[in-house]
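# Structural overview for review
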Amino acid sequence: MKILRPRWKRVIPIVVAAVVIGTLVTLVLLSRLPAAYSMAEMGYADYGGGSVPAGGQHGTHGHTHDGISVATLTTDPNRPADVRVDLTVRQERVTLADGRTVDGYSVNGRTPGPLIEAKVGDLVEVHLTNANVADGATLHWHGVNVPNAEDGVAGVTQDAVDPGESYTYRFVANRTGSYWYHSHQQSDPQVLGGLLGPLVIQPREGIREDADVAAVVHTYGGARTINGHAGEVRQSVPPGRTVRVRVTNTDNAPVPVWVSGAAYRLVAVDGTEVNDPAEVTGKAVSVTAGGRADLAVALPADGTAVRVQLPNSSLVLGEGAAPTAGAPADYLDLLTYGTPTGPLPAAAAADRTFDYVIGRRYGLYDGRPGSWWTINGGLFPDVPMFMVEEGDRVVMRIRNDSGDVHPIHLHGHHVTVLSRNGQPSTGSPWIVDSLNVAHGESYDVAFVADNPGIWMDHCHNLKHAREGLMTHLAYAGYGTPYVVGGPRNNHPE
Ligand code: C2O
Ligand code: CU
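Please read all numbers here as calculations on a predicted model, not as lab measurements.

### Remarks on the overall build of the protein
A count of helices and strands for the protein gives 3 helices and 37 strands. Its C-alpha radius of gyration of 24 Å places the protein within 12% of the 23 Å reference for a compact globule of 493 residues. For the protein, the C-alpha atoms occupy an extent of roughly 95 × 65 × 50 Å along the three principal directions. A total of 493 residues make up the protein; the buried ones form 54% of that total. Nonlocal contacts in the protein, meaning residues at least 24 apart in sequence, comprise 76% of its contacts between residues at least 6 apart. In the structure as shown, the protein presents an accessible area of about 19800 Å², 53% of it carried by carbon and sulfur atoms. With 37 positive and 50 negative side-chain charges, the protein shows a spacing of 9 Å between the two charge centroids.

### Focus: the pairing of strand S7 (residues 123-130)
Across the 8 residues that make up S7, a large majority, 6, are buried. Bridge count for strand S4 (residues 83-95) against S7 is 7 bridges, and the pairing is parallel. Residue pairing in the sheet places Arg84 in a bridge with Glu125 of S7.

### Some words on the environment of Thr138
Along the polypeptide, Thr138 turns up in the loop between S7 and strand S8 (140-142). For Thr138, a relative accessible area of 0% puts it in the buried group. With 43 residues separating them in the primary sequence, Thr138 and Tyr181 have C-alpha atoms 9.7 Å apart. Not counting residues up to four positions away in its chain, the partners in contact with Thr138 are Leu128, Gly152, Ala154, Gln158, Asp159, Ala160, Tyr169, His182, Ser183, His184 and Gln185. A polar contact is formed between the side chain of Thr138 and the backbone oxygen of Gly152, at a distance of 2.7 Å. At 3.4 Å, the side chain of Thr138 forms a polar contact with the backbone nitrogen of Gln185.

### Quick look at the packing of aromatic side chains
Across all of its chains, the model carries 9 aromatic pairs by this definition. Residues Trp141 and Tyr181 carry aromatic rings whose centres are separated by 5.8 Å and whose planes lie at 50° to one another, so their mutual orientation is tilted. Here Trp141, found in strand S8, pairs with Tyr181, found in strand S10 (residues 177-182); they are 40 residues apart in sequence, far enough to count as distant. Tyr181 matches Trp141 in its accessibility class, with the two residues each being buried. One aromatic cluster in this structure is built from Trp141, Tyr167, Tyr169, Phe171 and Tyr181. Note that Arg360 overlies the ring of Trp373, its terminal NZ or CZ placed 4.3 Å from the centroid.

### Quick look at the sheet that holds strand S18 (residues 272-273)
Taken together, 12 strands build an open sheet; the order of strands is S18-S17-S20-S15-S12-S13-S14-S22-S21-S16-S19-S23 and the sheet is mixed. Pairing within the sheet leaves two strands with one partner each, and these edge strands are S18 and strand S23 (330-331). In this sheet, S18 lies alongside strand S17 (residues 264-269) in antiparallel orientation, the contact comprising 2 bridges. When the sheet's bridge partners are listed, Ala268 is paired in S18 with Glu273.

### Considering the environment of Gly326
Residue placement: Gly326 occurs in the loop between strand S22 (313-317) and S23. Assessed through its relative accessible area of 58%, Gly326 is described here as exposed. Separated by 68 residues in sequence, Gly326 and Trp258 place their C-alpha atoms 9.0 Å apart.

### Thoughts on the environment of Thr250
The residue Thr250 is located in the loop between strand S15 (242-249) and strand S16 (255-260) in this model. Since its relative accessible area comes to 3%, Thr250 is described here as buried. Put simply, Thr250 and Gly197 are 53 residues apart on the chain and 9.0 Å apart in space, counted from C-alpha to C-alpha. Within the structure, the side chain of Thr250 is placed 2.6 Å from the side chain of His218, a separation counted as a polar contact.

### Notes on the side chain of Gln309
With respect to the helices and strands, Gln309 occurs in strand S21 (residues 306-310). The exposure class assigned to Gln309 is buried, which follows from its relative accessible area of 7%. At 2.3 Å, the side chain of Gln309 and the side chain of Ser260 are in polar contact. Once residues within four sequence positions are removed from consideration, Gln309 is found in contact with Pro256, Val257, Trp258, Ser260, Ser314, Thr324 and Ala325.

### As for the coordination of the copper ion (ligand 2)
Every protein donor of the copper ion (ligand 2) is listed here as His406 (ND1), Cys459 (SG) and His464 (ND1), and their distances to the metal cover 2.0 to 2.1 Å. Of note, the copper ion (ligand 2) draws all its donor residues from one chain, in the sequence arrangement H-x52-C-x4-H. Of this pair, His406 sits in strand S28 (residues 406-410) while His464 sits in helix H3 (residues 462-466), and the two are 58 residues apart along the sequence. Residue His406 is classed as buried on the basis of its relative accessible area, which comes to 0%. Of the residues examined, His464 reaches a relative accessible area of 6% and is grouped as buried.

### A word on the confidence of the model for the protein
Scored by pLDDT, the protein comes out at a mean of 94, with 97% of its residues at no less than 70. Low confidence marks residues 59-64, where pLDDT is under 50. Its contacts with residues over four positions away, or in another chain, come to 11 contacts.

### Overview of unusual backbone geometry
Omega for the bond connecting Thr111 with Pro112 falls within 30 degrees of zero, at -5°, which places this linkage in the cis form. With respect to the element layout, Pro112 can be found in the loop between strand S5 (101-107) and strand S6 (116-119). Between Phe380 and the following residue, Pro381, the backbone shows a cis peptide bond with an omega angle of 5°. Structurally, Pro381 is set in the loop between strand S25 (368-375) and strand S26 (384-388).

Conventions adopted
- Residues numbered from 1 in each chain as written.
- Chains lettered and ligands numbered in written order.
- Predicted model: local features only at pLDDT ≥ 70, side-chain atom pairs only at ≥ 80, totals over all residues.
- Heavy atoms only, no water.
- Helix = DSSP H or I, 4+ residues; strand = E, 2+ residues; numbered from the N terminus.
- Rg over C-alpha atoms; globule rule 2.2 N^0.38 Å.
- Buried < 20%, exposed > 50% of the residue type's maximum accessible area, 1.4 Å probe, protein only.
- Contact = heavy atoms within 4.5 Å.
- Areas by Shrake-Rupley, 256 points an atom, 1.4 Å probe, with all protein chains shown as cover.
- Lys, Arg positive; Asp, Glu negative; His and termini not counted.
- Charge placed at Lys NZ, Arg CZ, Asp CG, Glu CD.
- Pairing = 2+ DSSP bridges.
- Polar contact = N/O pair within 3.5 Å; in protein donor to acceptor, adjacent residues only side chain to side chain.
- Phe/Tyr/Trp six-rings, centres within 6.5 Å; stacked < 30°, edge-to-face > 60°.
- Lys NZ or Arg CZ within 6 Å of the ring centre and 35° of its normal.
- Donors = N, O, S within 2.8 Å, 3.2 Å for Na, K, Ca; no water.
- pLDDT = per-residue confidence, 0-100.

Next comes the structure, spelled out in structure tokens:
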């Protein structure tokens, strides 16, 4: 015979379940990102142990329009352009240089997009037209320290450019070197799909090498390519000549590059010339995601070709047969390569010192439970806003305890590596805009806050940025009129 429990006892499990479900729903809803928000108000202000600027506080809501608008931080509108380029972006099935077709994005009908070339000091003016990219698009000048309004970050420095719309970027090519451009609206799918291209800023007097080759590395449909060619691509160069190969890694992971058939020198990293680069043999260079490595190679006089190799693809320089070799086990260490040009900035003299500690933990991000990246223990948007004032000498202590590699990219500035895992840099000044931080590593880097605005400081594994591994460097007293989300549907990540 069935014994019925009293009625009140039967409802206990129902009440408990309701409380648990109610709590979970509340947590999920609380973690949802607002439909529109200002990046300038995300997270909490971190002053890095420096002074709190009067009137430049951060963290009180409702001041989106406060301060000087980043939209005013443009290039002199009266200065005429020296280099003018029209770029039209499309979402379409694109034919790669190797004949394959992929669903993605094109710039002037191709991907990678056309090479933009300028001489240092030139004013570059790029007229972007979005033909049909439904989510909108922008152009970010990766590695170029442009004025903030020209930085191309949807929701921070501009609105996404919708289909049928245009936008003009103007910036002075203020340092020589290898750079690239890519969309910073929905950057994860759009960069993956090929909305990108190379940008090279030449010295006035020209480069030292005889030939100059841009080598954009990108994976399309699972195959790694160089300038859109999977497998082998050849560049004909006469015997005995020297070649500068500008390896630009537009993928989400670091890529090893090595040379078979000749020694090479690593002559520039992220647009900065290496001081006194020695000849290298039997070692690979690891090119950070988003980073660039310029390799100088001298072709043998006997007509044999030289092969610049990556896993599963290579660039053959010259006309003859090219040797091929497996990937070297050793990597060139930029902490000791080249020779110093003088003392490095003293960490102790910094006006502000920030921690950028990357971790990972279970939690809710935008309403979704999972294991997410953290910065200084918090999940986006509960991350630090690194606050500076113009002229500050800044040290950032980046540490990665997250179990994965993170290529950290600071917009608008270049940072000098002071030390890795406590070991000081003793080679050429190692100056980067994209820094590969492996699990367990720590880097102290220094820079001078000399470019006002609000700058993304994020992981260039763009999937990780989309998963919340992003924050900003903000100059006190500046605000943005743009919002993430909102009617323009701005989504920089
Ligand atoms: Cu190459 Cu925030 O970008
Ligand atoms: Cu990452």
